[in-house]
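Inside the fold
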Amino acid sequence: MKLLSENKSFDGWMKRYQHHSDCLNCEMIFAIYLPPQAAKQSVPVLYWLSGLTCTDENFMQKAGAQRVAAELGIAIVCPDTSPRGTDLPGEHDNYDFGSGAGFYLNATQKPWSEHYNMYDYVVDELPKAIQDNFPVTDKCSISGHSMGGHGAITIALKNPERYASVSAFSPICNPTDCAWGQNVFTRYLGEDKSTWSQYDASLLIEAAEEKLPILLDQGENDEFLKEQLKPEAMQAACEKANYPLTLRMHSGYDHSYFFIASFIEDHLRYHDKALRGEGKSAYY
């Protein structure tokens, strides 16, 4: 593991590292914010998954999360959004597929299956690397934005025992029924649509045995709201399954990090309550 940069922030440390990933079969970069409490004791972790075209840096530089994370004593880990440096055919042709668009799944179709296994990376490999190398506890939560919101919710639904809480900003809620999801699922997972449901939050809700509450924030002026994000599908699925969902629609807000920065403190305090064992959700 190679340290690429470090900057002091709110008496904690913002750091970037490069390491080899076995499941992605390439070198990867992740960012980690260690709050000041980590100098004396192990701290819980919030895993943040970013959206299309992003890297590990977007959230850390734009969301303004470090101040509250420092107060609460929560580490934040932000991985990249896809494998890098593999240069597969067509990998860099479009913003919504390939580079920067790993969709937090395990590809089954070649050549993508040789590298595009972001699900295994986020669920298993990266957390193990974090626990082996940094002063963190085994308590963690997960959150994300857009494609990363899709990743956070689907991962939490499939692994509820691993996470104290889950939240998302503007997630892709029903990817089997939107152009972004249909494009990547066809190419990463193949033509058999029965395999797609394991990465669709609105479909996973129906089969969820443990009901880990979801906090979802969505801007009403989001340019992708109607065609790509479809929070109404998740809301309908949660109502049908009696699944605890807090869906907050925000007038005037769009898909940008200005929206995330406006409400990230709410999410951090929501996760802090669960990480401290005061209940799965601050909203129930």
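Residues numbered from 1 in each chain as written. Predicted model: local features only at pLDDT ≥ 70, side-chain atom pairs only at ≥ 80, totals over all residues. Heavy atoms only, no water.

Turning next to the overall build of the protein. When helices and strands are tallied, the protein shows 9 helices and 9 strands. Its C-alpha atoms give the protein a radius of gyration of 18 Å, near enough to 19 Å, the size a compact globule of 284 residues would have. With the C-alpha coordinates aligned to their principal axes, the bounding extent of the protein is approximately 50 × 45 × 35 Å. Across the 284 residues in the protein, those meeting the buried criterion constitute 60%. For the protein, restricting intrachain contacts to residue pairs at least 6 apart in sequence, the fraction spanning at least 24 positions comes to 71%. For the protein, the exposed area adds up to about 11600 Å²; of that, 46% sits on carbon and sulfur atoms. Both charge centroids of the protein, one from 24 positive and one from 38 negative side chains, sit 5 Å from each other. (Helix = DSSP H or I, 4+ residues; strand = E, 2+ residues; numbered from the N terminus. Rg over C-alpha atoms; globule rule 2.2 N^0.38 Å. Buried < 20%, exposed > 50% of the residue type's maximum accessible area, 1.4 Å probe, protein only. Contact = heavy atoms within 4.5 Å. Areas by Shrake-Rupley, 256 points an atom, 1.4 Å probe, with all protein chains shown as cover. Lys, Arg positive; Asp, Glu negative; His and termini not counted. Charge placed at Lys NZ, Arg CZ, Asp CG, Glu CD.)

What follows concerns the packing of aromatic side chains. Scanning the entire structure with this criterion turns up 17 aromatic pairs. Residues Phe 169 and Phe 259 carry aromatic rings whose centres are separated by 5.6 Å and whose planes lie at 85° to one another, so their mutual orientation is edge-to-face. Taken together, the residues span a long stretch of sequence, with Phe 169 in strand β7 (residues 166–169) and Phe 259 in helix α9 (residues 257–275) at a distance of 90 residues. No difference in accessibility class separates Phe 169 from Phe 259, as the two residues are buried. Ring pairs connect the aromatic residues Trp 48, Phe 59, Phe 169, Tyr 253, Phe 259 and Phe 263, which therefore count as one cluster. Note that Arg 187 overlies the ring of Phe 97, its terminal NZ or CZ placed 3.7 Å from the centroid. (Phe/Tyr/Trp six-rings, centres within 6.5 Å; stacked < 30°, edge-to-face > 60°. Lys NZ or Arg CZ within 6 Å of the ring centre and 35° of its normal.)

A word on the environment of Asp 11. Here Asp 11 shows up in the loop between β1 (2–9) and β2 (12–21). Since its relative accessible area comes to 57%, Asp 11 is described here as exposed. Separated by 71 residues in the primary sequence, Asp 11 and Ser 82 place their C-alpha atoms 31 Å from one another.

With that out of the way, let us pick up the side chain of Ser 165. Its place among the elements puts Ser 165 in the loop between α4 (147–158) and β7. The exposure class of Ser 165 is buried, given its relative accessible area of 0%. At 2.7 Å, the side chain of Ser 165 and the side chain of Ser 141 are in polar contact. (Polar contact = N/O pair within 3.5 Å; in protein donor to acceptor, adjacent residues only side chain to side chain.)

This part covers the pairing of strand β4 (residues 43–49). Burial of β4 is extensive: 7 of the 7 residues sit out of reach of the surface. Pairing between β4 and strand β6 (residues 136–144): 6 bridges, direction parallel. Along β6, the bridge assignment pairs Leu 49 with Gly 144. Across 3 bridges, β4 lies against strand β5 (residues 75–79) in parallel orientation. Directly across from Val 45, in β5, lies its bridge partner Ala 75. (Pairing = 2+ DSSP bridges.)

Turning next to the pattern of salt bridges. Counted by the stated rule, this structure contains 13 salt bridges. In this structure, Glu 265 and Arg 67 form a salt bridge, with 3.1 Å as the shortest nitrogen-oxygen distance. Separated by 198 residues along the polypeptide, Glu 265 in helix α9 and Arg 67 in helix α2 (residues 66–72) bring together distant segments of the chain. For Glu 71, the salt bridge identified is with Arg 269, shortest N-O distance 2.9 Å. Of the two residues, Glu 71 is situated in helix α2 and Arg 269 in helix α9; the sequence distance between them amounts to 198 residues. Judged by relative accessible area, which is 33%, Arg 269 ranks as partly exposed. Through salt bridges with shared partners, a single ionic network connects Arg 67, Glu 71, Glu 265 and Arg 269. (Salt bridge = Lys/Arg side-chain N within 4 Å of Asp/Glu carboxyl O.)

Turning to the environment of Ser 262, a few remarks are in order. With respect to the helices, strands and loops of the structure, Ser 262 is situated in helix α9. Distance in space between the C-alpha atoms of Ser 262 and Ala 63 is 8.3 Å, their sequence separation being 199 residues. Reaching out from Ser 262, the side chain makes a polar contact with the backbone oxygen of Phe 258 at a distance of 2.7 Å.

With that settled, the discussion passes to the side chain of Thr 154. Secondary-structure assignment places Thr 154 in helix α4. For Thr 154, a relative accessible area of 0% translates into the label buried.

A separate point is α4. Counted at 1.5 Å a residue, the expected span for α4 with its 12 residues is 16 Å, and the 17 Å between its end C-alpha atoms agrees. Across the 12 residues that make up α4, a large majority, 11, are buried. All of the buried residues along α4 are Met 147, Gly 148, Gly 149, His 150, Gly 151, Ala 152, Ile 153, Thr 154, Ile 155, Ala 156 and Leu 157. (Expected span 1.5 Å × (residues − 1).)

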